Amino acid sequence: MLRYILSCLIAFCCFTVANAQLKTIKANFAHPADQYRPGVYWYFMDGNMSAETITKDLESMKKAGIGNLIFLEVNVGIPSGPVEFLSDKWTSLFVHAEKEARRLGIEITLGIGPGWTGSGGPWVKASQSMQHLVSSQVTVTAGDKQKIVLPVPPPKKPFFGEGGLTPEVKKEWLKFYQDVAVLAFPATEQDKPIKDYEEKALYYRAPYSSGVVRPYMPSPANDGADKNAVTKSQIIDLTLKMQPDGTLNWSPPSGKWTVMRFVSRNNGAITRPAPVPGLGLEADKFDTVALNYHLDKYVGNLLRKTGRTNKNIKGGLKRLHMDSWEMGAQNWTGLFRQEFIKRRGYDPLKYYPVYAGNIVGSLEESERFLWDLRQTAQELVLDNHARQVKAYARRNNLSLSIEPYDMTPIADLELGSIADVPMAEFWSKGFGFNSSYSVIESTSIGHVNGKSLIPAEAFTAQDNEGWKQHPASMKNQGDWAFAAGINRFVYHTFQNQFLPDSLKPGATMGPYGVHWDRSQTWWPWANGYHNYVTRSQYILQQGRTVADVLYLTPEGSPLVFVPPSSAMVGGDTIGDRRGYNFDGCAPGQLMKATVKDHQVVFPSGASYRLLALPVYESMTPQLLAKIAELVKLGATVVGNPPLRSPSLVGYPACDERIVALSKTIWGASAVPGSITRHKYGEGVVVWGKPVSDNPDKLYPHYDLTAEILKSKGIIDDFTANGDLRYTHRTDAGWDIYFVSNKTDKAVNTIAQFRTVKGSPELWDAVTGKTKKITRFKKNNSSTSVSVQLAAYESAFVVFAKENTWPSSGINTGVNAKTVQTLTGPWEVNFDPKWGGPASVQFDELSDWTKNKNEGIKYYSGKAVYHKKFDLDEVPAGSLYLDLGNVKNMARVTLNGKDLGIVWTAPWHVNISGAVQAKNNDLKIEIINLWPNRLIGDEKKPYDGIVDDKWPEWLLKGQPRTSGRYTFTSTTQYKADSPLLPSGLTGPVTIIKTND
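Since we're looking at a predicted model, the values are computed, not measured. (Residues numbered from 1 in each chain as written. Predicted model: local features only at pLDDT ≥ 70, side-chain atom pairs only at ≥ 80, totals over all residues. Heavy atoms only, no water.)

## So, the pattern of salt bridges
In this structure the tally under the stated criterion is 52 salt bridges. Between Arg103 and Glu59 there is a salt bridge, with the nearest N and O atoms lying 3.0 Å from each other. Separated by 44 residues along the polypeptide, Arg103 in helix α3 (residues 88-104) and Glu59 in helix α2 (residues 51-64) bring together distant segments of the chain. For Glu59, a relative accessible area of 37% puts it in the partly exposed group. When the shortest N-O distance is used, the salt bridge between Glu282 and Lys285 registers 2.8 Å. One network of salt bridges, in which partners are shared, links Glu339, Lys342, Arg343, Arg344, Glu379, Asp383 and Arg387. (Salt bridge = Lys/Arg side-chain N within 4 Å of Asp/Glu carboxyl O. Helix = DSSP H or I, 4+ residues; strand = E, 2+ residues; numbered from the N terminus. Buried < 20%, exposed > 50% of the residue type's maximum accessible area, 1.4 Å probe, protein only.)

Okay, here's the thing in structure tokens:
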């Protein structure tokens, strides 16, 4: 009885706490704290900076609703400025920026090196840089009296070519080498090197977003001995017999011999695209001494000027950042041999010929060595680079964010798991690369590790974006990112506007980035959109994400987690999750998991009902033992048993261990022809040929995993008619679903939510308002809700135990009615400063680009529409002013009352408290985009940058004579480029609803 009473008290307390938490969330929803605001990449361009424009930028961010930034300086497409990178003047300006950010409560994140990626600079010596083990070889014959001279092997070509190397860096790159070993073995007739050995031995790793590199290495095959292989026992170590000039004091005993000279050389990776004074070699990613030397030279230099970070102050420097990995791969460091022996348990010396593609022992043995090489490299990057950066940050009261993707020579999920803040990147759809996989990776890391903050470098773009994007055009993709698990946008890019305010759109980061800065036409109204983003991010950082399937990645590296395409719906760039959500998990993460209530559970609280193994032939005994433990404790696992270990560690006993463990877990060694369930301990393994005969990428088809979940009585987390995407957050007393219409048409449907925690509520992140939903129906384990969303509209549907209002039925019906259409002429005011007429009458609403007046046709900026009207009738219910077609943002004022900014569908504002029966005074302000004015200006003489130099009139402060209205540091349009529809084309109507 006492136990029963205690359990009731505990349940009551949990319920009470959960209710209090949700009430707090609801109270903060309308106006979340600054920490939930979006951020920007704040770029400075090669010495073009001033204290005045730094302050203007930051103050404009604060006013627009930006709460955080990543500070970077680069050299991309703009003439150099007067402030040399890392000079006393430069560092004093950084200190000024940090102080101003503290004053304004804006958080700063600092990249750990010059440019946007990597960690290096001119202070990094070649001996401290990223290195390759390269070789040269000669063939010698017994009895040949000729002196044996071993040539110095050349370095591998830099991945991005030699063009980016400064003369000083190129000299270092060509000059540096350190001898490592000399090996000799009887010559063989190997006519083909190991396939893709340069990739397998980590000489090169192309960006995965380029679409030309595989996401993972193949499992080492079970091949027999190779008759042409080098016999390991016949390899002789001649390292001590070579003189410094390469002369070898050795005579072969008999026959022909191959002699290989191994040296370490720089891999050619440099800081990019750093300002010229910041160009230099990338620091060794395997060596803590080299890393800490670099960090002290760059980050430490700045920290000594700004002072120690105070965690109790909202703004200022708060975090260090490792951006997308773009510095290539390395496979050597001075202590690599010792580290390899310590970590793998055997000496790699006699396998050095495998680095050059030679087969030693057998192809399988050589491939296993290459697997061990990559695994050792991964551990060194994690331990001696990422964890050391994190430790350095901690010592300075900072945290660490990591974008763990692209050219990473290791497993992305393992790298990202180290971050305090795992971060992704996605490009604007249609304006660049597809890096949506990084969103899936980083959200998986965050969910499994229990990270509440998962940002993304958002809406990155290139060449053809040209100021075309705006909040409405980005709404659908932004909602995709929210549904995928991203809960902070860090827009790429806010270019420091160092040019005079009269010159707009102003400075750019060359042709890159969506233009998210104070020179945008619509920037004064950006807070209307940022409020939506902030509210959404606030909610999406509460509780934890619900996902049913956990996809385990194979061991080894490099490795990109790519889920089965069958688990997704829609296109490659913004594909959405199906009814059972999922995450990916690295082996290193899984080692921390346990089982509770037949679910795989992590220390973070993340839980999964099904663990899906990769369709991959090898696995280490340590990982397989962990899977055995999870199944025995009650987990459900789908996948076929591994056949062997991928490593030489403990070989061949490791393979025997794999076979024995597999038979114990799966109950047999032969894979059954059909799907079979085998109970092991408290759990179940689901296996059979269909799992591996029809894999989707590395995993069982979604339909198979869905069927397993359904057989356990687990229904889809969310279902609708296919037009809606979703994500689901949960806590003890509530469930919150984010739902988004992914079509350009209104949706009126019934959606099913896998929860029965009370009656549903709708929270609108655009307005910050909440309202009860009464059109719903509860079932045993789900609630069906009538959902109406305008084009690309989204909403949070909130279920809470304390919500107990009754249902009014599940009918679907649109309850809006047009009361009046505002016809007749409009007075429209343009800004003559940008070429438009001060006042003009539009007899009817029309597209500006169709106007015969070139001042209107090519106009960019704000115009104000005026109209007086009487209301024909004042019906009961809520009244809205619907603007119809708007290009591209609007602000409505009625009878002197500001009714707010309109930037997305439904394009209306509530006028119930402002409208009157007679003499209504309506003002609608409209802002369009920059391209039309830029295109019009291309008909006028060019007066911009020539030969990488600013124009004379700008340098000398003289008046312009070209007649152009705009000025930019990059040209992205021609005189005959198509114009973009602009203005208010309506129809403008008054509609009535019964809400």
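Having seen the structure, we can now continue with the description.
## Regarding helix α7 (residues 336-344)
An α-helical segment advances 3.6 residues per turn. Residues three or four places apart therefore align on the same side. For α7, the complete set of buried residues consists of Phe336, Glu339, Phe340 and Arg344. Around the axis of α7, the buried residues are gathered within 105 degrees of arc, so they sit on the same side. Lining the buried residues of α7 we find α8 (352-355) and α9 (363-395). The first or second residue beyond α7 is Gly345, which carries a positive phi of 85 degrees. (Arc of directions from axis to C-beta. Contact = heavy atoms within 4.5 Å.)

## As for the sheet that holds strand β41 (residues 826-829)
Strands sit in the order β42-β41-β43-β49-β46-β47 across an open sheet of 6 strands; the sheet is antiparallel. Both edges of this open sheet fall to β42 (840-842) and β47 (897-902), since each of them pairs with a single strand only. When strand polarity is set aside, the average angle formed by the axes of neighbouring strands in this sheet is 25 degrees. Bridge count for β41 against β42 is 3 bridges, and the pairing is antiparallel. (Pairing = 2+ DSSP bridges. Axes fitted to C-alpha atoms, helices over the stretch in contact; angles between N-to-C directions.)

## With respect to the environment of Asn358
With respect to the helices and strands, the residue Asn358 is situated in the loop between α8 and α9. Counting along the chain gives 508 residues from Asn358 to His866, while the straight-line C-alpha distance between them is 79 Å. When neighbours within four sequence positions are excluded, Asn358 is seen to be in contact with Gln137, Gln190, Ile194, Met260, Pro353 and Ser366. At 3.1 Å, the side chain of Asn358 and the backbone oxygen of Pro353 are in polar contact. (Polar contact = N/O pair within 3.5 Å; in protein donor to acceptor, adjacent residues only side chain to side chain.)

## As for the nonpolar core
Trp42, Tyr355, Phe369, Phe489 and Trp516 are the most contacted members of the largest nonpolar core, which totals 144 residues. With 11 residues, α9 is the largest single contributor of residues to this core. Ignoring anything within four residues of it in the chain, the contact list for Phe369 reads Phe340, Tyr346, Pro348, Tyr351, Val354, Tyr355 and Leu648. Formed by 44 residues, the second largest nonpolar core is a distinct cluster that contains Ala790, Ala863, Trp907 and Trp930. (Core = buried A, V, L, I, M, F, W, Y, C linked by side-chain atoms within 4.5 Å.)

Spatial relationships are all this shows, so hold off on functional conclusions.
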